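Read off the chains here:
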Amino acid sequence: MKKIAIIGRPNVGKSSLFNRLVKKRDAITSDLAGTTRDVKRKTAVILNKEAQLLDTGGLDKGCELFDKIKEMSLKAAYKADIILYMVDGKGLPEDEDKKLFYELQAMGKDMALVVNKIDNDKMKEKLWEYYEFGTDAIFGISVAHNRNTVELIDWIASKIPDSDIVKEDDEEEVEDDSINVIEPELSDEDYFAQHNNHEDDDDGFTYWDEDEMDGIVEDDTIFGNNDRIKEFDEEDINHIKIAIIGRTNVGKSSLLNALLGEERSVVSSVAGTTIDPIDETVEYKDKQITFVDTAGLRRRGKIVGIEKYALMRTTEMLENANMALVVLDASEPFLDLDEKIAGLVDSNRLSSIIVLNKWDISKRDEHDKIIKEVRDRFKFLAYAPIITLSAQTHLRVDKLHEMILEINENYSQRIPTSKINEVIEKALRRHTLPSVSGQVIRIYYGTQYETRPPKIAIIMNKPSGLHFTYRRYLTNKMREAFNFTGTPLLFKAKKRGEK
């Protein structure tokens, strides 16, 4: 598949064009320089031809973070087949743009100069100034107003071979590819306001407040609200979607790079480096594994600027994930915020692994003490295994791959009804169900009705009589009998004949 890299300096509209071409608000856009930091990759359909689109960070310099962003962007350009170099048409051509354009042009790839923000006919006159770049492939467009994009789309399609045409069987799923029919783009602020079910704060943005987060980490949440569990496609068992979560600067991006074996995500000492969730899919032992490096989470009072959008995107990623790697910094004391972040795993019913990162610089001689503290603090993730590693030195990162496959099997397994009822029968013989208001509570049988996570229906005469403590007792007995390491186990009490 041909790769198309959108390159340019900050604030020229790269992410907006990326969103238009993939027909989805995928990349975060704002007026803040440095909004895009990692290289975002998505498949786009350009006039019925598939291509991989790369949204890159702005080519700028001046600090450690921007130098890293520029380095990653130029690497993406080097790997691309087609380069779209974007500039801001509201001003005159700048020498720095010319220098960067000529450097990229020397790579010998198909390349176009895209002059953005030509918002009206009067501004077309400025386009002539850009012909001094010395290229015939020049397009004056306005992404925000969706003007004059047809020629650019045609040019891109002409550079994609006919072998990449979308098959007829897939045509029903492919939306109309014509860019000029896309509805006007909402600002990020308006978009999230429309898609938010929570109450807004005074500044118009939504946060996870302390009360919400505190409610997530209660021990009984694993059994509560079972009807809210996500549907699962049985054919998707070979695709594992993993969210890498944790507070800022615990090493999430370094872990992603270590798992992939390449520098995919920008790593710097600047807290909050990752803004857009970055996903990358790899093949490992016949499984498709998609890792998502999410934005680091902070306390409400420390959330600033564009991080508000980043946190909202993180919640979307968790809703679509199957597994979470909860990354903790083993070289520092654990915080209450670590617990609250880990509570998001429980509330989304995800399988999970607790990753103690930076083990190479931690107090390794206090191994047992650190593990005990994790177990005491994260009791609601008692089912999650713990692995100590160093993303920086790659210590034990290889073992994490194997652990992911094992837990996916546990998360996706289906236990025969006969085996489930053997466990329930033994549990009842040891401890009978207490009566309710003099009425005897009977369990007729149990059966698993869904996987990912495993969900078991307990068929009984009075469902309300299955007390929380007895649910926990049954859970422990199931875990003793079967390997549910790394996965939550959910129960639903039902009457006979109830769906």
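Time to look at the sheet that holds strand S13 (residues 443–450). Read from one edge of the open sheet, three strands run S13-S14-S15, paired in mixed fashion. Because the sheet does not close on itself, it has two edges, and the strands there are S13 and strand S15 (490–494). Neighbouring strand axes in the sheet, compared pairwise and without regard to direction, differ in orientation by 25 degrees on average. The pairing of strand S14 (residues 455–460) with S15 spans five bridges and is parallel. Of the residues in S15, the one forming a bridge with Ala-457 is Lys-492. Relative to the sheet, helix H13 (residues 417–430) contacts S13 and S14, its axis offset from that of S13 by approximately 140 degrees. Docked against the sheet, helix H14 (residues 468–481) engages S13, S14 and S15, running at close to 125 degrees with respect to S15.

The relative placement of two packed helices comes down to the angle between their axes together with the axis-to-axis distance. Where helix H8 (residues 252–260) contacts helix H12 (residues 397–412), the two axes come as close as 9 Å, and the packing angle between them is 80 degrees. With respect to each other, H8 and H12 are oriented roughly perpendicular. Contact with H8, carried on its side by Leu-255, Ala-258 and Leu-259, involves Val-397, Leu-400 and His-401 of H12 and no other residues of that element. Within the contact of H8 with H12, the residues separate by chemical class into five nonpolar, one polar and no charged.

Counted according to the given criterion, the structure contains 19 salt bridges. Between Asp-162 and Lys-49 there is a salt bridge, with its nearest N and O atoms 3.1 Å apart. With Asp-162 in the loop between helix H5 (150–158) and helix H6 (188–194) and Lys-49 in strand S3 (residues 49–55), this pair connects stretches of sequence that are 113 residues apart. The exposure class of Lys-49 is buried, given its relative accessible area of 12%. Between Glu-339 and Arg-377 there is a salt bridge; the shortest N-O distance is 2.5 Å. Placement of the pair is Glu-339 in helix H10 (residues 336–347) and Arg-377 in helix H11 (residues 367–377), with a sequence separation of 38 residues. Take Arg-377: its relative accessible area is 22%, and that puts it in the partly exposed class. Linked by salt bridges that have partners in common, Asp-336, Glu-339, Glu-373 and Arg-377 make up one network.

Confidence in the prediction for the protein averages 76 pLDDT; 73% of positions are at 70 or higher. A low-confidence stretch, residues 299–310 (pLDDT under 50), is modelled with 31 contacts involving residues beyond four sequence positions or located in other chains.

What follows concerns helix H3 (residues 95–105). Buried within H3 we find Asp-97, Lys-98, Leu-100, Phe-101 and Leu-104. What you see down the axis of H3 is that its buried residues fit within an arc of 170 degrees, all on one side.

For Leu-344, the position within the fold is in helix H10. In this structure, the C-alpha to C-alpha distance between Leu-344 and Leu-318, residues 26 residues apart in sequence, is 8.0 Å.

On to the packing of aromatic side chains, then. Per the counting criterion, the structure on display carries nine aromatic pairs. Both rings, one in Phe-101 and one in Phe-133, keep their centres 5.4 Å apart while their planes meet at 85 degrees; by these two values the pair is edge-to-face. Placement of the pair is Phe-101 in helix H3 and Phe-133 in the loop between helix H4 (124–127) and strand S6 (138–140), with a sequence separation of 32 residues. We note that Phe-101, like Phe-133, is buried. Each ring, one from Phe-482 and one from Phe-484, has its centre 6.2 Å from the other, and the planes form 75 degrees; the classification is edge-to-face. Phe-484 matches Phe-482 in its accessibility class, with the two residues each being buried. Cluster of aromatic residues (ring-pair linked, three or more members): Tyr-85, Phe-101, Tyr-102, Tyr-130 and Phe-133.

What follows deals with the sheet that holds strand S2 (residues 40–46). Picture the strands of a sheet paired through backbone hydrogen bonds; they go either parallel or antiparallel. The strand order across the open sheet formed by six strands is S2-S3-S1-S4-S5-S6, and the pairing between neighbours is mixed. Only two strands of the sheet have a single partner each, and these edge strands are S2 and S6. Between one strand axis and the next, the sheet turns through 25 degrees on average, direction left out of account. Direction of pairing for S2 relative to S3: antiparallel, over a ladder of seven bridges. Residue pairing in the sheet places Thr-43 in a bridge with Gln-52 of S3. The strands touched by helix H1 (residues 14–22) are strand S1 (3–8), S2, S3 and strand S4 (82–88); relative to S2, the strand with the most contacts, the crossing angle is about 45 degrees. Across the face of the sheet, H5 comes into contact with S1, S2, S3, S4, strand S5 (110–116) and S6 while running at roughly 155 degrees to S4.

Assignment of secondary structure puts Arg-9 in the loop between S1 and H1. Residues Arg-9 and Glu-96, 87 residues apart in the sequence, show an inter-C-alpha distance of 9.1 Å. Among the polar contacts listed, one links the side chain of Arg-9 to the side chain of Glu-94, at a separation of 2.3 Å.

What follows concerns the nonpolar core. Ranked by internal contacts, the top residues of the largest apolar core, which has 27 residues, are Leu-328, Val-345, Leu-356, Phe-378 and Leu-381. Elements that contribute at least two residues to this core include exactly strand S7 (239–245), strand S10 (323–329), H10, strand S11 (351–357) and H11. For this core, the leading source of residues is H10, giving five residues. Apart from the residues within four sequence positions on either side, Leu-356 is in contact with Leu-328, Ala-330, Phe-334, Ile-370, Ile-371, Val-374, Ile-386, Ile-387, Thr-388 and Leu-389. The next biggest cluster of nonpolar side chains, apart from the first, holds 26 residues, and it includes Val-22, Val-114, Val-143 and Leu-152.

By secondary structure assignment, the location of Met-478 is in helix H14. Not counting the four nearest positions on each side in its chain, Met-478 is found in contact with Ile-420, Val-423, Ile-424, Ile-456, Phe-484, Leu-489 and Phe-491.

Rules of the game
- Residues numbered from 1 in each chain as written.
- Predicted model: local features only at pLDDT ≥ 70, side-chain atom pairs only at ≥ 80, totals over all residues.
- Heavy atoms only, no water.
- Pairing = 2+ DSSP bridges.
- Helix = DSSP H or I, 4+ residues; strand = E, 2+ residues; numbered from the N terminus.
- Axes fitted to C-alpha atoms, helices over the stretch in contact; angles between N-to-C directions.
- Contact = heavy atoms within 4.5 Å.
- Parallel < 35°, antiparallel > 145°, perpendicular 65-115°, else oblique.
- Nonpolar A, V, L, I, M, F, W, Y, C, P; charged D, E, K, R; others polar.
- Salt bridge = Lys/Arg side-chain N within 4 Å of Asp/Glu carboxyl O.
- Buried < 20%, exposed > 50% of the residue type's maximum accessible area, 1.4 Å probe, protein only.
- pLDDT = per-residue confidence, 0-100.
- Arc of directions from axis to C-beta.
- Phe/Tyr/Trp six-rings, centres within 6.5 Å; stacked < 30°, edge-to-face > 60°.
- Polar contact = N/O pair within 3.5 Å; in protein donor to acceptor, adjacent residues only side chain to side chain.
- Core = buried A, V, L, I, M, F, W, Y, C linked by side-chain atoms within 4.5 Å.

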